[in-house]
Amino acid sequence: MPRLAAALRGLAVAAAALVLTTAAAPPGEAAGPRPSGGTVTRTPATATAPGEFVALRDVDPTIRQEMRYFTPHNFMGVPVTGYRQPLCVLTRDAARALHRAQLSFLRRGYTLKVYDCYRPQRAVNHFVDWAKDLGDQRMKGEFYPRIDKSTLFRDGYIAEKSGHSRGSTVDLTLVRLPGLPTRPYVPGEPLAKCYAPKAERFPDNSLDMGTGFDCFDTLAHTLDPRVQGGQRANRLLLKEGLERAGFRNYDKEWWHYTFTPETFPDTYFDFPVSRRALHGRR
């Protein structure tokens, strides 16, 4: 009997642990690491962020925010897992550096606009799962017209880890002030190629950078020689202003910048994008 009681207690403990593990993430938001290399923090959907993370709006409310992955206007065509609010979250160092860059741009009649900031690992996992589903190509006409979806991993457009998950990387552009808001995307509306002339692309109040945000095409490479004139000047305006503030550009995406030195150079976080995750604040 003592052995039987001990066995029953062991089964109860195991069952409780299974319940806790399953409860760590709600349906559709599988938490936890998938990639190897670096450290991925296991955080349940209700976990709070480390104290080094802040809402960009609390540091600089003048920077525009058009958080694309909270909406269906992205290369997958659906809101992305882990984005609970349309909120830019960054490490404090990166947010302060953006504030310094913004002050310089404001003096010249421009404002920064962010498309994406901190990105939880569960969102990256969502990208990976989508890329493996070759039948889902609803947004191909806008975001990857010339790319075969089967090559997205090989060509580096999708990966199992993203620097965004470390909290110091941001996707952004410039808007000439006053800059009227961009109209919302309507799911199912006709798509225009992301590298089409600006007047034909989905409307965006930003400067003409030659392609839209998240354009899976070599024309999105920051210094692609085919991009000339005002489009090249606009890319260089953004690049030079951000570099003076300590950011480094990823040369295959004109919109992608990382503040250095990174606060968390080897850690990939998985807390959701929300006010609640920022130290319990609402």
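For the structure itself, consult the block above.
Asker: Please explain the overall build of the chain as it appears in this structure.
Answerer: Across its full length, the chain carries six helices and nine strands. Expressed as a percentage of the 282 residues in the chain, the buried residues total 51%. The contacts in the chain between residues at least 6 apart in sequence include a share of 74% that link residues at least 24 apart. Accessible surface computed for the chain: about 13,200 Å², of which carbon and sulfur atoms make up 58%.

Asker: Where do I start with the environment of Tyr83 in this structure?
Answerer: Within the element layout of this structure, Tyr83 appears in the loop between β3 (64-65) and β4 (89-91). On the basis of relative accessibility, which here comes to 7%, the residue Tyr83 falls in the buried class. For the pair formed by Tyr83 and Val273, sequence separation is 190 residues and the distance between their alpha carbons is 4.9 Å. Leave out the neighbours within four places in its chain, and Tyr83 touches Tyr69, Phe70, Asp116, Tyr118, Arg119, Pro120, Ala123 and Val273.

Asker: How do you make sense of the sheet that holds strand β7 (residues 247-249) when you look at a structure like this?
Answerer: The strands making up a sheet associate through backbone hydrogen bonding, with each pair oriented either parallel or antiparallel. Spatially, the five strands line up as an open sheet ordered β3-β5-β6-β8-β7, and their pairing is mixed. The two strands at the open ends of the sheet, each matched to only one other strand, are β3 and β7. Where strand β5 (residues 110-116) meets strand β6 (residues 169-176), six bridges bridge the pair, whose relative direction is antiparallel. In the sheet register, Lys113 faces β6, and the bridge partner there is Thr173. Strands in contact with helix α3 (residues 92-107) are β5, β6, β7 and β8 (256-259); relative to β5, the strand with the most contacts, it is inclined by about 145°. The strands that helix α6 (residues 229-244) touches are β5, β6, β7 and β8; relative to β6, the one it contacts most, it runs at about 125°.

Asker: Is there a simple way to think about the nonpolar core in this case?
Answerer: Where a protein is soluble and globular, its nonpolar side chains tend to be buried together. Ranked by size, the top nonpolar core spans 69 residues in total, and within it Leu98, Leu112 and Val114 carry the most contacts. Those elements that provide at least two residues to this core are β2 (53-55), β4, α3, β5, α4 (121-132), β6, α6 and β8. Setting aside chain neighbours within four positions, we find Leu98 in contact with Leu56, Ile63, Leu90, Leu112, Val114, Val170, Leu172, Leu242 and Phe247.

Asker: Looking at this structure, how should I read the packing of α3 against α6?
Answerer: Helix packing geometry: the angle between the two helix axes and the distance between the axes. Contact geometry for α3 and α6: axes closest at 8 Å, N-to-C directions at 130°. For the element pair α3 / α6, the angle class is oblique. Taken as a pair, α3 and α6 cross one another with a handedness that is right-handed. Residue-level contacts link Leu98, Ala101, Ser104 and Phe105 of α3 to Leu237, Leu238, Gly241, Leu242 and Arg244 of α6.

Cut-offs applied
- Each chain carries its own residue numbering, running from 1 in the written order of its sequence.
- Local features in this predicted model are restricted to residues of pLDDT 70 or higher, and side-chain atom pairs are both shown and tallied only at a pLDDT of 80 or more, whereas totals for entire chains, interfaces and linings draw on every residue.
- Each side-chain value is derived from all of the structure's non-hydrogen atoms; neither hydrogens nor water enter the calculation.
- Helix and strand definitions follow DSSP, with helices as H or I runs of at least four residues and strands as E runs of at least two, each counted in order from the N terminus.
- Only protein chains enter the accessibility calculation, which uses a 1.4 Å probe; a residue is then buried when its area is under 20% of its type maximum, exposed when over 50%, and partly exposed in between.
- Whether two residues are in contact is decided by their heavy atoms, any of which lying within 4.5 Å being enough.
- Exposure was quantified through the Shrake-Rupley algorithm and a 1.4 Å probe, taking into account, for residues, occlusion by the shown protein chains and nothing else.
- One bridge is not enough; two strands pair if DSSP finds at least two bridges between them.
- The axes are straight lines fitted to the C-alpha atoms, using for helices just the contacting stretch, and the angles between their N-to-C directions are given from 0 to 180°.
- Among buried residues, the Ala, Val, Leu, Ile, Met, Phe, Trp, Tyr and Cys ones that are joined through side-chain atoms within 4.5 Å form a nonpolar core.
- The scheme is simple: roughly parallel for angles under 35 degrees, roughly antiparallel for over 145, roughly perpendicular for 65 to 115, oblique for anything else.
- Helix crossings fall into two classes, left-handed where the near helix is turned counterclockwise from the far one by less than a right angle and right-handed where it is turned clockwise.

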